[in-house]
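# Summary of the model geometry
Take a look at the letters that make up each chain.
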Amino acid sequence: MILALPNNVSYYLKRMFKFWKFEKSGTKYTQEVAALRESKKKYQTLFHNAQVALFRTSIEGNLIEINKRYAEIAGYSTIEDCMVHFNPGKAWADPGSREELVRIIREKGSVSDYEARIIRRDGTSIWILFSATIYPEQGYLEGSLIDLSFRKKLEEALKRSESLQRKMVANIGDVIVIIDENGNNTYKSQNVERLFGWKPEELIGHSTWDNIHPEDLESAQNLMSKILKKPRSIGAIDCRYRCKDGSYSWIEFTGSNLMDDPEIHGIIGNYHDITERKQKEQLLLESEARFKALHNASFGGIRIHDKGIILDCNQGLSEITGYSVEELIGMDGLLLIAEESRSTVMNHILSGYEKAYEAVGLHKDGTEYPIRLEARNIPYKGRNVRTVEFRDISESKQAEEEHRKLQDQLTQAQKMESIGRLAGGVAHDFNNMLGIILGNSEMIMEHLDSESPAVRYLLEIQKATDRSIKLTRQLLAYARKQTIAPRVLDLNETIKGILNMLQRLIGEDITLSWLPGKDLWNIKMDPSQVDQILTNLCVNARDSIKDVGKLTIETGNVYFDEEYCLDHEGYKPGEYVMVAVSDNGYGMGKEVLNNLFEPFFTTKKVGEGTGLGLATVYGIVKQNEGFISVYSELKEGTTFRIYFSRHSETDWSTQQLEAKEVNLKGHEIILLVEDEMAILTMTEIMLQRLGYTVIAVSSPDEAIKMGELQTEKISLLITDVVMPEMNGKDLAQKMTSLFPDLKCLFMSGYTANIIANHGILDDGFHFIQKPFSKQELAASVREVLDETSGQEKE
């Protein structure tokens with residue numbers, strides 16, 4: 001009878017018999033047991049220390065065995081804690097996702113790399129990559145989990161980065177382009193429409209050569225051929241590019257060969273508008289050519305002298321000095337030199353100085369002028385004498401000054417172009433980021449108690465963000481990159497709508513006066529830009545008024561002809577709508593006026609201003625193709641005049657203007673008083689061309705002396721209001737004592753209202769604002785002269 005043993009006992013007896021059979025000593029058995037234990041130990045080590053989460057669950061979803069990484073992903077610090085509290089079947093963020101996964105496993109027996117979200121112990125959700133195999137006979141499921149959180153964050157960051165790059169490409173000042181090896185456009189950034197009028201889809205697929213100026217086509221194609229010869233090579237060129245309206249703009253193009261890049265496979269480049277810079281460069285080249293021609297000219301005066309006494313000379317010296325050749329020979333040459341330069345010239349004669357130098361010459365009529373002298377000691381008729389080349393360099397000096405001005409203008413244009421590109425490229429994206437900061441801080445505050453200490457810090461963040469937003473808007477306005485929606489405006493109505501806001505802005509201590517012009521022409525611009533201009537000018541005026549004061553806004557129609565614009569730098573012929581903002585504040589000196597529209601230039605203390613207010617005004621005006629003039633005197637106040645082009649289908653008739661001008665001519669004697677010589681000379685010429693006899697003087701004292709000596713009747717006094725010796729009102733009173741019927745026309749760079757506020761003029765006096773055109777002057781003069789006696793207030 002065989003005794004039946006339990007299965008496990010029978011198993012071990014068989015194992016013992018087996019080992020006894022093959023190895024009676026038992027050593028083989030001991031080694032196998034040790035190996036099994038070591039294998040199990042290694043398995044447990046690998047299982048629990050794996051960086052991938054490993055698990056075994058029942059088919060119903062209950063945990064059977066997990067490793068340490070599984071517990072960590074589920075949000076538990078220990079395997080034991082996770083085994084007790086974590087239920088995988090209830091941890092799915094999307095129950096539908098779990099149902100789909102169970103269906104796949106039951107149908108296919110396994111699943112690989114299934115992405116889903118699970119809920120961790122702390123309630124947060126994470127993305128996982130799930131792989132598992134089902135063993136129905138054993139009744140369990142084995143698999144692995146991988147935490148995808150880091151990868152998902154990288155994907156989100158990549159999406160944000162790509163979005164940011166798209167926005168940056170769309171808003172920078174340059175157009176981005178990709179051109180294939182045949183010269184066809186395969187990509188154009190969106191801002192090509194804003195800058196040149198073309199929609200990207202109108203250019204993609206077409207040859208880039210279609211829009212290159214014919215004169216620049218060969219050099220542009222040569223550049224591309226050169227770049228294509230070598231991978232990663234770079235080249236640049238300036239050429240003219242056709243805009244959609246048919247006009248051409250100068251562009252600076254830079255391209256790089258990325259044919260080996262599978263995503264680009266072409267020449268990638270960028271270009272921007274440099275038309276303004278090219279115009280300045282052309283003017284500078286022309287100026288330099290004129291300067292060199294004058295400097296290198298061979299004409300001039302030659303004289304030979306012994307210790308200063310002229311022995312011989314040429315006709316050129318006679319023409320320069322105003323003396324005849326006969327008068328010059330035997331004359332002391334120092335008489336041709338102004339007093340201030342005589343000691344220098346004499347020292348050079350005595351020392352034998354032979355290098356060129358400059359001095360001040362003296363004409364026969366006593367007027368001074370700049371000269372260039374260069375001398376050599378030579379033998380002459382048996383004795384050593386000195387020969388001198390004598391050149392009048394007045395034109396050369398003028399050319400040098402013109403050259404300097406154009407150089408300054410070019411430098412300014414390049415500087416503004418660089419700042420504008422930087423500001424325009426940064427500000428749009430910076431605004432987006434500021435919006436994120438502002439929005440998130442507001443949302444955080446909604447979840448906080450009002451007494452929370454964090455609220456105070458969040459409010460400070462919002463204040464800083466608001467200031468940054470305003471700053472970026474100013475940068476955009478200065479860079480002429482801000483988004484605008486121009487429309488036809490009645491400037492009077494637009495300004496009228498913001499007067500209350502401006503009054504609150506400047507405060508109750510400052511009186512705001514509004515003087516709208518009659519029958520004002522229309523302009524075309526964004527009304528919000530009018531608000532920006534007036535706000536900045538009014539803030540500037542408010543800050544210049546220490547206590548109480550007055551600020552005036554006025555409008556009017558203005559016409560400038562070509563003759564007037566030639567004498568006024570920055571003015572352009574045409575019809576304009578003028579808006580003036582005047583104050584009776586402290587005013588500005590020349591140094592401040594020269595830097596007035598420079599970005600970040602300010603006379604205010606640290607923390608009181610950014611220096612972008614007037615730069616913003618300048619940028620908006622230039623963006624709308626207008627211009628600005630500023631008139632200011634210390635302790636007298638300031639007037640800003642801004643001119644916008646008239647928006648109209650028709651222009652003034654030149655014939656009508658000329659006919660009107662003829663009717664405004666006269667023959668009377670006019671006494672003109674102006675302490676600024678350039679204005680005095682210009683106004684004198686205007687009046688003379690209108691037929692008047694003009695007595696032009698530069699001071700009130702001279703005017704009174706001329707009046708006392710004048711035998712014929714003076715019909716009209718035209719005088720500046722603010723002058724060093726005596727103001728215009730006092731001068732008029734003295735002159736009317738000499739000529740009782742004398743009529744007066746006052747002129748000033750300030751508005752009539754500001755002049756009256758200073759107590760200089762009273763109502764009823766005739767007044768014309770500087771700058772004025774010839775047409776305006778003619779009309780004002782005739783209005784005064786033709787006025788019926790007794791109508792003007794005394």
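As a starting point, this report considers the structure included with it. Fair warning: this is a prediction, and the values are worked out from it, not measured in the lab. (Residues numbered from 1 in each chain as written. Predicted model: local features only at pLDDT ≥ 70, side-chain atom pairs only at ≥ 80, totals over all residues. Heavy atoms only, no water.)

### Here we look at the packing of helix α24 (residues 700-709) against helix α25 (residues 728-738)
Contact pair α24 / α25: the axes reach a minimum separation of 10 Å and the direction vectors enclose 5°. With respect to each other, α24 and α25 are oriented roughly parallel. Of the residues in α25, those touching α24 at P700, A703, I704, G707 and E708 are L731, K734, M735 and L738. Here the contact of α24 with α25 is built from residues that sort into six nonpolar, one polar and two charged. (Axes fitted to C-alpha atoms, helices over the stretch in contact; angles between N-to-C directions. Helix = DSSP H or I, 4+ residues; strand = E, 2+ residues; numbered from the N terminus. Parallel < 35°, antiparallel > 145°, perpendicular 65-115°, else oblique. Contact = heavy atoms within 4.5 Å. Nonpolar A, V, L, I, M, F, W, Y, C, P; charged D, E, K, R; others polar.)

### Quick notes on the environment of Y76
Relative to the elements of secondary structure, Y76 occurs in the loop between α3 (68-74) and α4 (79-85). Each C-alpha atom, one on Y76 and one on R120, is 8.6 Å from the other, the two residues being 44 residues apart in sequence. Among all residues touching Y76, those that are not within four sequence positions of it are A71, D81, C82, H85, F86 and R121.

### Side note on the pattern of salt bridges
All chains considered together, the criterion is met by 29 salt bridges. Taking the shortest distance from any N to any O, the salt bridge between R120 and D122 comes out at 3.7 Å. Residue class for R120 comes out partly exposed when judged on its relative accessible area of 22%. Of the charged contacts in the structure, one is a salt bridge between E202 and K244, with a shortest N-O distance of 2.8 Å. In this pair, E202 is assigned in helix α8 (residues 200-203) and K244 in the loop between β8 (234-242) and β9 (248-258), connecting sequence segments 42 residues apart. Looking at E202, the relative accessible area reads 28%, which means it is partly exposed. Overall, the relative accessible area of 42% leaves K244 in the partly exposed class. (Salt bridge = Lys/Arg side-chain N within 4 Å of Asp/Glu carboxyl O. Buried < 20%, exposed > 50% of the residue type's maximum accessible area, 1.4 Å probe, protein only.)

### As for unusual backbone geometry
The phi dihedral of D113 is positive, around 50°, even though this residue is not glycine. Positionally, D113 belongs in strand β3 (residues 110-119). Although it is not a glycine, K307 adopts a positive phi angle of roughly 55°. Relative to the helices and strands, K307 is located in the loop between β11 (301-306) and β12 (309-313).

### Some remarks on the packing of helix α23 (residues 677-689) against helix α27 (residues 774-785)
To characterise two packed helices, one gives the angle between the axes of the helices and the distance between these axes. Where α23 contacts α27, the two axes come as close as 10 Å, and the packing angle between them is 65°. By the angle between their directions, the pair α23 and α27 is classed as roughly perpendicular. Seen from above, α23 lies across α27 with right-handed handedness. Of α27, the residues touching α23 (which contributes T683, M686, L687 and R689) are K774, L777 and V781. Its residues placed into classes, the contact of α23 with α27 shows four nonpolar, one polar and two charged. (Left-handed = near helix turned anticlockwise from the far one by under 90°.)

### Description of the sheet that holds strand β17 (residues 510-515)
Judged by pairing direction, the sheet is mixed, and its five strands sit side by side in the order β17-β19-β20-β22-β21 without closing on themselves. The open sheet has two edge strands, β17 and β21 (627-633), and neither has a second partner. Between one strand axis and the next, the sheet turns through 20° on average, direction left out of account. Sheet topology places strand β19 (residues 549-560) next to strand β20 (residues 574-583); ten bridges connect them, and they run antiparallel. From the neighbouring strand, E554 faces β20, where its bridge partner is A580. (Pairing = 2+ DSSP bridges.)

### Concerning the nonpolar core
Formed by 35 residues in total, the largest nonpolar core has its most connected members in I533, L534, L551, I553 and I642. Here this core takes six residues from helix α18 (residues 527-544), the largest share from any one element. Not counting chain neighbours up to four residues away, the residues in contact with I642 comprise I533, L537, V577, M578, V579, V617, V621, F627 and I628. Counting 30 residues, the second largest nonpolar core, distinct from the first, contains F560, M578, L664 and L785. (Core = buried A, V, L, I, M, F, W, Y, C linked by side-chain atoms within 4.5 Å.)

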